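Descriptive analysis of the structure
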Amino acid sequence: MKKICSFALVLCMILSCTVAFAASPAITLPSTTEAKGDQPFEDGVYYGEKYNDYGARPSMLNFGSANLSPGESLYDAKTTTIKKARATEISEKIDRLTFYCYAKWQYAQHVDDHTINAMLVMTSPSGLYYATYGVWELIDLRAKTICSWFFDVTDCLKRCRDDNGGTLEKGEYAFSMFFNDMSFRVTKVRFN
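Residues numbered from 1 in each chain as written. Predicted model: local features only at pLDDT ≥ 70, side-chain atom pairs only at ≥ 80, totals over all residues. Heavy atoms only, no water.

As for the sheet that holds strand β4 (residues 98-106)
Hydrogen bonds between backbone atoms are what pair the strands of a sheet, whose relative direction is either parallel or antiparallel. Reading across from one edge, β2-β1-β4-β7 is the order of the 4 strands in this open sheet, with antiparallel pairing throughout. Two strands close off the open sheet at either side, each with one partner strand: β2 (79-81) and β7 (146-152). Going across the sheet, the axis of each strand differs from the next one's by a mean of 35°, ignoring polarity. The strands that helix α3 (residues 154-163) touches are β1 (57-66), β4 and β7; relative to β4, the one it contacts most, it runs at about 135°. (Pairing = 2+ DSSP bridges. Helix = DSSP H or I, 4+ residues; strand = E, 2+ residues; numbered from the N terminus. Axes fitted to C-alpha atoms, helices over the stretch in contact; angles between N-to-C directions. Contact = heavy atoms within 4.5 Å.)

Here we look at unusual backbone geometry
Even without a glycine there, the phi angle at Lys144 is positive, about 65°. One non-glycine residue, Asn180, lies in positive phi territory at about 50°. As for its position among the elements, Asn180 is in the loop between β8 (171-179) and β9 (182-191). When its relative accessible area of 23% is taken as the criterion, Asn180 is described as partly exposed. (Buried < 20%, exposed > 50% of the residue type's maximum accessible area, 1.4 Å probe, protein only.)

Here's the deal with the environment of Cys147
If you trace the backbone, Cys147 turns up in strand β7. In the structure, Cys147 is positioned 42 residues away from Trp105 in sequence and 5.4 Å away in space, judged by C-alpha atoms. Dropping the residues within four chain positions of it, Cys147 is found in contact with Ala103, Lys104, Trp105, Tyr107, Trp136 and Leu141.

A closer look at the packing of aromatic side chains
Per the stated rule, a full pass over the model turns up 21 aromatic pairs. Here Phe41 and Phe178 contribute two aromatic rings whose centre-to-centre distance is 5.6 Å and whose plane-to-plane angle is 80°, an arrangement assigned as edge-to-face. With Phe41 in the loop between α1 (2-23) and β1 and Phe178 in strand β8, this residue pair connects regions lying 137 residues apart in the sequence. A relative accessible area of 23% means that Phe41 is categorised as partly exposed. Relative accessible area serves as the criterion here: at 8%, Phe178 is assigned to the buried category. Aromatic rings pair up to connect Tyr51, Tyr54, Trp105, Tyr107, Trp136, Trp149, Phe151, Phe179 and Phe184 into one cluster. (Phe/Tyr/Trp six-rings, centres within 6.5 Å; stacked < 30°, edge-to-face > 60°.)

So, in structure tokens, the structure goes:
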């Protein structure tokens, strides 16, 4: 009888500890490092093939800025191409200007209806990636049609600035455009 009572007492203690532990809030350990940048490239995908669907000839990928009015599009705004700038100046203007990459290309052949899944990757001087994505529907374009697209990269720059303690790093930034996992073009801009 004493063995049964001792066993029951131990069992009750174990159950009460389990209930008390289960009722307590979950314990979250602090993270030792914060995630910075993105990892936009998928394993097993080769991004080195050049985009040449329908004889496409990518001719331009420019980085720039625009001061947009409410509701104004980049296609209608006065834009400024930037080849080099001061990192502090870009950091200060990032909350009031729109920064973009402008892509331009021409098709050599008639283009059937299809979708371009685009990815623009900004690489910081320290090698971190910041990506933004878009989709563009092409509908029955004739041969020698010139196409263009503005890609807003303001958010990429803001996240890079925030990851770097409130200012952008000095050095060379690379903006790489990919259409349907194929390389479109790269442009590099120096922030002094």
